[in-house]
Each structure stands twice: as C-alpha cells, then as structure tokens.
Amino acid sequence: MSEKTPQYWMENTSKSDIPFARIFDLFDDNETIPSAQNKSADVGVELRYFTEEMPEQMAEDGECLNAEYLVQVEKPSWVFSDGWKLLSAWDNEDGEIVLCYGREMVTP
C-alpha cells in the first residue's frame, strides 16, 4: 500500500482544461478497467467509469474533447453524491466520451 493519501492520487495534474489525476501515472497505456480499478484500490481510491455519446457538434466537426464539450456531456446521477470527483475524461473511437470518477475507498 502506498504511503500517499487517496487525495494525493486524485489531485489534478493537468495543464489543460480537461482533468487528469495523478493516479493515471500508475497505469500502463493499455490498462484495462478492472486492472486500473485494482491498482487504484491498492492506494485507497475507488474508480468508476461512465460513457456518454459525444456532443453532436463535436462529432460533426471531428474535434477533440475540450472544456466546452465536456460541460455538455450528461453526468451520471450518482456523481452528485457520495464524494465522486471527475478524475479524467477522453473521447474514444466509438464516438463516446469516457468519464472516469474517483473517490476515497468506502469501507463497509
């Protein structure tokens, strides 16, 4: 287990307008979701992923994800409770926006 706190790992290190949490430094380029969730759990962070269709204008223009488009993406209802924080977002080749949320592990 890491000596760093979950808050440390969830800290945004991006220099752009799209968040990118430090926890992504733990993952390989081809990390699977289950593997990323296991690695993040080892440092006390729970990850949850959500996909939504790209905003229509973004898809039509063939543009990359930016803050203007990110605010247009519908957020899952569970994100507004229980301490979830947007850790990163990206677009994929399937025409979707992937949102990765994290929170400190909740112990039963």
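Being a predicted model, the structure only gives us computed values, none of them experimental.

Draft legend 1. A look at the sheet that holds strand S2 (residues 85-91). The strand order S1-S3-S2 describes an open sheet built from three strands, whose pairing is antiparallel. The sheet is open, and its two borders are formed by strand S1 (45-53) and S2, each paired with just one other strand. Within the sheet, the average angular offset between the axes of one strand and its neighbour, ignoring direction, is 20 degrees. Here six bridges tie S2 to strand S3 (residues 96-104), and the two strands are oriented antiparallel to one another. The residue bridging Trp-90 from the neighbouring strand is Val-98, located in S3.

Draft legend 2. Structural detail: the packing of aromatic side chains. This model, assessed by the stated rule, comprises seven aromatic pairs. Residues Tyr-8 and Trp-9 carry aromatic rings whose centres are separated by 5.1 Å and whose planes lie at 85 degrees to one another, so their mutual orientation is edge-to-face. Overall, Tyr-8 belongs to the partly exposed group, its relative accessible area being 29%. Judged by centre distance (5.5 Å) and plane angle (90 degrees), the ring pair of Phe-24 and Phe-27 falls under edge-to-face.

Draft legend 3. Quick peek at the pattern of salt bridges. One pass over the full model with this rule turns up three salt bridges. Of the charged contacts in the structure, one is a salt bridge between Glu-31 and Lys-39, with a shortest N-O distance of 3.1 Å. The closest approach of N and O atoms between Arg-103 and Glu-46, which form a salt bridge, is 2.9 Å. Pair noted here: Arg-103 is in strand S3 and Glu-46 is in strand S1, with a separation of 57 residues, a long-range link. For Arg-103, a relative accessible area of 14% translates into the label buried.

About the cut-offs
Residues numbered from 1 in each chain as written. Predicted model: local features only at pLDDT ≥ 70, side-chain atom pairs only at ≥ 80, totals over all residues. Heavy atoms only, no water. Pairing = 2+ DSSP bridges. Helix = DSSP H or I, 4+ residues; strand = E, 2+ residues; numbered from the N terminus. Axes fitted to C-alpha atoms, helices over the stretch in contact; angles between N-to-C directions. Phe/Tyr/Trp six-rings, centres within 6.5 Å; stacked < 30°, edge-to-face > 60°. Buried < 20%, exposed > 50% of the residue type's maximum accessible area, 1.4 Å probe, protein only. Salt bridge = Lys/Arg side-chain N within 4 Å of Asp/Glu carboxyl O.

It is worth stressing that arrangement in space is one thing and function is another; only the former is reported here.
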